Amino acid sequence: MLVVYGRGTSSNVQKVLWLVEEIGLPYSSSHVVPPGKAKESADYKKLNPNGLIPTIDEDGFVLWESNAIVRYLAAKHAYGTIFPADLRVRADSDRWMDWQATVLAPPVATVLLQVVRTPPEKRDTAAMTAAFQTNREKAAVLDAALSGRDYLAGSAFTMGDIAVGQWMWRYANLVPDRPSHPNLEAWYQRLQARPAYRKVVMNPLE
Ligand SMILES: N[C@@H](CCC(=O)N[C@@H](CS)C(=O)NCC(=O)O)C(=O)O
């Protein structure tokens, strides 16, 4: 049985949960901790020395790093669909996963920290404003990439959409004055039509 360690409100955990819900993989989730507390669990750090979530344990095979987990489970259970068989489509999908982790994650983490976890009087307005703007600029990159295609790697939903899709929920709910991006909005509507997205991602942010 697959065990997913993490907290359902974590963006990185949501990628894994969204995938397993998409493919109907039986799993149990464990280790529900408040934000920022995973590092304080000595038991958890035996599984993931970083003290970060998620981690999976699949019958003794322990893996951490959310995008690596998504790639592994998708390759195993959704080869040819969510894990594209075509090498170029897969590279395209992979590219968006890496871009999410390296480019999108930092500015949206700042927004979440400032808007959701910091009382208004203690917010770093300059950092928050800069992060809003960076998110808007990255939304424009996505909008251009989605021109003429339904999903990030082409006509079909793939793992790249999972990595970036959880960001979209945060962007749509936390960033004010979003520019009009019709392709991005249409993609977001497609994601919202997916029961797994609604169940796992479209929840209150913490
Ligand atoms: N690169 C890692 C980042 C993991 C990460 O930063 N997770 C956050 C939650 S989204 C975390 O564990 N924060 C500490 C906590 O919630 O206790 C991954 O993608 O798995």
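Structure's up top.
All values derive from a computational prediction rather than experimental measurement. (Residues numbered from 1 in each chain as written. Predicted model: local features only at pLDDT ≥ 70, side-chain atom pairs only at ≥ 80, totals over all residues. Heavy atoms only, no water.)

A.B. asks: Quick one: what's the story with the nonpolar core, residue by residue and with numbers?
C.D. replies: Trp18, Leu73, Trp167, Met168 and Trp187 are the most contacted members of the largest nonpolar core, which has 58 residues in total. Listing elements by their share of this core, those giving two or more residues are strand 1 (2–5), helix 1 (11–23), helix 3 (66–77), helix 4 (87–116), helix 5 (125–145), helix 6 (159–174), helix 7 (182–192) and helix 8 (195–200). Ranked by residue count, the leading element in this core is helix 6, at 10 residues. Ignoring sequence-local partners within four residues, the contact set of Trp167 consists of Leu104, Val108, Asn135, Ala139 and Leu142. (Core = buried A, V, L, I, M, F, W, Y, C linked by side-chain atoms within 4.5 Å. Buried < 20%, exposed > 50% of the residue type's maximum accessible area, 1.4 Å probe, protein only. Helix = DSSP H or I, 4+ residues; strand = E, 2+ residues; numbered from the N terminus. Contact = heavy atoms within 4.5 Å.)

A.B. asks: Hey, could you go over the packing of helix 3 against helix 4 for me, with residue numbers and the actual values?
C.D. replies: Packing of helix 3 against helix 4 brings their axes to within 10 Å, and their N-to-C directions diverge by 160°. The orientation of helix 3 relative to helix 4 falls into the category roughly antiparallel. Considering the relative orientation of helix 3 and helix 4, their crossing is right-handed. Across from Asn67, Val70 and Arg71 in helix 3, the residues of helix 4 making contact are Asp94, Met97, Asp98, Gln100 and Ala101. (Axes fitted to C-alpha atoms, helices over the stretch in contact; angles between N-to-C directions. Parallel < 35°, antiparallel > 145°, perpendicular 65-115°, else oblique. Left-handed = near helix turned anticlockwise from the far one by under 90°.)

A.B. asks: Tell me about the pairing of strand 2 (residues 27–30), and name the residues and values.
C.D. replies: Consecutive side chains of a regular strand alternate in pointing toward one face of the sheet and then the other. Sheet topology note: the strand 1/strand 2 ladder contains 4 bridges and is parallel. Looking across to strand 2, one finds that Val4 is bridged to Ser29. With respect to chirality, the unit in which strand 1 leads through helix 1 into the neighbouring parallel strand 2 is right-handed. (Pairing = 2+ DSSP bridges. Right-handed = clockwise from strand over helix to strand, strands pointing away.)

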